[in-house]
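Remarks on the overall topology
In case you want the letters, here they are:
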Amino acid sequence: MRLVIEPNYADLSRWAGNYVAARINEAKPTPEKPFVLGCPTGSSPLGMYRRLIELYNEGKVSFENVVTFNMDEYVGIPRDHEQSYHTFMWTNFFNHINIKPENVNILNGNAEDLEAECRRFEEKIESYGGIDLFMGGVGPDGHIAFNEPGSSLTSRTRIKTLTQDTIIANSRFFENNVDLVPKTALTVGVGTVMAARSVMLMVNGHNKARALRHGVEGGISQMWTISALQMHPKSIIVCDEAACAELQVQTYRYFKDIESSNLDPDSQLA
């Protein structure tokens, strides 16, 4: 596991955006062999998406031959609802780049058969040969996508009942009314994320410090699904200083020292 520590959220977002663009360019994707990207929603990736849009506008990356699969979607709200993840992705990212609509894959939370929709999603990922880079954020309780504490570390895309904590946390997007928040969602599993060839998680803020500590220093546990990344052969967590508040000093210094000799992805986009 790599732990990249940036001074603040703006620098974290820039690093993450540069890294993703560098990976796409390195792959030299074609229509026959596209680069397959796993995409998150939420507040953590917003700065990274803005950076990727900047790089696209500067002509430093193209999404013409990129295929995306989103992590999750609420069940039971219209696709064009202002809080659907379909709306989030098109508003904050896809409408601003040259991705082909047919290359965008987002779970359908209004499918007639939700279990069949989950199977279809996994099969479509497999049809592309798997995901090249899965990006993600992390919740304060260490959850990835909607894989909350107690989720199987081998889980695949499925229907998930949301915990009361998550419903309360998400109520800020629904007029602060918990009754308006969907109670279930479709989500990729921890196993789906772990099957990707590489994974990059973004962790920012003091409220994520405990999650980061469990993900980096703790044992592997289904109660902190972020910890599964310890088993991935090519995983990166990029965080800000605030998220490091609970790390041991020697852990912090170790990763800072290791990363001082690694190439900054910014230099690959010059």
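Our structure's up above, just so we're on the same page.
Quick caveat: nothing in here was measured; it's all calculated off a predicted structure.

Moving on, we come to the packing of helix 1 (residues 9–27) against helix 2 (residues 46–57). Interaxial distance between helix 1 and helix 2 falls to 8 Å at its minimum, and their mutual angle equals 50°. Regarding the angle of helix 1 to helix 2, the classification is oblique. Of the two elements, helix 1 crosses helix 2, and the hand of that crossing is right-handed. Note on element contacts: helix 2 touches helix 1 through Leu 46, Gly 47, Met 48, Arg 50, Arg 51, Leu 52 and Leu 55, opposite Tyr 9, Ser 13, Arg 14, Ala 16, Gly 17, Asn 18, Val 20 and Ala 21. Split into classes, the residues belonging to the contact of helix 1 with helix 2 amount to eight nonpolar, four polar and three charged.

So, on to the packing of aromatic side chains. Counted under the stated rule, the structure contains 12 aromatic pairs. For the pair Tyr 74 and Phe 146, a centre-to-centre distance of 6.0 Å together with 45° between the ring planes defines the contact as tilted. With Tyr 74 in strand 4 (residues 72–74) and Phe 146 in the loop between strand 6 (133–137) and strand 7 (158–161), this pair connects stretches of sequence that are 72 residues apart. Phe 146 gets classed as buried once you look at its relative accessible area, which sits at 4%.

A few words now on unusual backbone geometry. Despite not being glycine, Ala 145 shows a phi value in the positive range, around 50°. A positive phi angle, near 55°, is found at Asn 176, a position not held by glycine.

Here we come to the sheet that holds strand 9 (residues 199–203). Strand order in the open sheet made by the seven strands is 1-10-9-6-2-3-5, with parallel pairing throughout. At either margin of the open sheet sits one strand with a lone partner, and together these are strand 1 (2–6) and strand 5 (104–105). Bridge count between strand 9 and strand 10 (residues 235–240): five bridges; the pairing is parallel. Across the sheet, Met 200 pairs through a bridge with Ile 236, a residue of strand 10. Taken strand by strand, helix 4 (residues 114–127) contacts strand 3 (66–70) and strand 5, and its axis lies near 155° from that of strand 3.

Attention now moves to helix 4. Compared with an ideal rise of 1.5 Å per residue, which puts 14 residues at 20 Å, helix 4 spans 20 Å between its outermost C-alpha atoms and is within 8% of the ideal. Turning to helix 4, its buried residues are Leu 114, Glu 117, Cys 118, Phe 121, Glu 122 and Ile 125. The buried residues of helix 4 occupy an angular sector of 135° when the element is viewed end-on, so they sit on one face. In helix 4, the exposed residues that point more than 90 degrees away from the buried face are Glu 115, Glu 123, Glu 126 and Ser 127. Tucked into the core, helix 4 has its buried residues touching strand 3, strand 5, strand 7, strand 8 (184–187) and helix 6 (190–194). The backbone nitrogen of Glu 115 has a side-chain oxygen 3.2 Å away, supplied by the residue at the start of helix 4, namely Asp 113. Of the residues trailing helix 4, Gly 129 is marked for its positive phi of about 85°.

Glancing now at the layout of surface pockets. Reported here for the largest pocket is a volume of approximately 830 Å³. Residue lining of the largest pocket: 37 residues in total, with Thr 41, Gly 42, Ser 43, Asn 170 and Arg 172 positioned closest to the centre. Among the secondary structure elements, those contributing two or more residues to the lining of the largest pocket are strand 4, helix 3 (85–92) and helix 5 (164–170). Here the lining of the largest pocket gets five residues from one element, more than from any other, and that element is helix 3. Along the lines of polarity and charge, the residues of the lining of the largest pocket split into 15 nonpolar, 16 polar and six charged. Volume-wise, the second largest pocket comes out at about 240 Å³.

Our next topic: the nonpolar core. Within the largest apolar cluster, 37 residues are counted, with the highest numbers of intra-cluster contacts made by Leu 3, Phe 134, Leu 201, Val 203, Leu 212, Ile 237 and Cys 239. Those elements giving two or more residues to this core turn out to be strand 1, strand 3, helix 4, strand 9, helix 7 (209–216) and strand 10. Broken down by element, this core gets its largest block of residues, four residues, from helix 4. Leu 52, Trp 90, Phe 94 and Met 135 belong to the second-largest nonpolar core, a separate cluster that totals 35 residues.

Another point: the pairing of strand 6. Counted residue by residue, strand 6 has five buried out of five residues, so it is predominantly covered. Every second residue of strand 6 is oriented toward a common face, with Leu 133, Met 135 and Gly 137 on one face and Phe 134 and Gly 136 on the other, all of them buried. Here strand 2 (residues 35–39) runs beside strand 6; their pairing, made up of two bridges, is parallel. Along strand 6, the bridge assignment pairs Leu 37 with Leu 133. The pairing of strand 6 with strand 9 spans four bridges and is parallel. When the sheet's bridge partners are listed, Gly 136 is paired in strand 9 with Leu 201.

Thresholds applied
Residues numbered from 1 in each chain as written. Predicted model: local features only at pLDDT ≥ 70, side-chain atom pairs only at ≥ 80, totals over all residues. Heavy atoms only, no water. Axes fitted to C-alpha atoms, helices over the stretch in contact; angles between N-to-C directions. Helix = DSSP H or I, 4+ residues; strand = E, 2+ residues; numbered from the N terminus. Parallel < 35°, antiparallel > 145°, perpendicular 65-115°, else oblique. Left-handed = near helix turned anticlockwise from the far one by under 90°. Contact = heavy atoms within 4.5 Å. Nonpolar A, V, L, I, M, F, W, Y, C, P; charged D, E, K, R; others polar. Phe/Tyr/Trp six-rings, centres within 6.5 Å; stacked < 30°, edge-to-face > 60°. Buried < 20%, exposed > 50% of the residue type's maximum accessible area, 1.4 Å probe, protein only. Pairing = 2+ DSSP bridges. Expected span 1.5 Å × (residues − 1). Arc of directions from axis to C-beta. Polar contact = N/O pair within 3.5 Å; in protein donor to acceptor, adjacent residues only side chain to side chain. 1 Å grid on protein atoms, 1.4 Å probe; cavity = no way out; pocket = protein on both sides within 12 Å on 5 of 7 lines; lining within 4 Å. Points joined across faces, edges and corners; volume = space filled by probe spheres on them. Core = buried A, V, L, I, M, F, W, Y, C linked by side-chain atoms within 4.5 Å.

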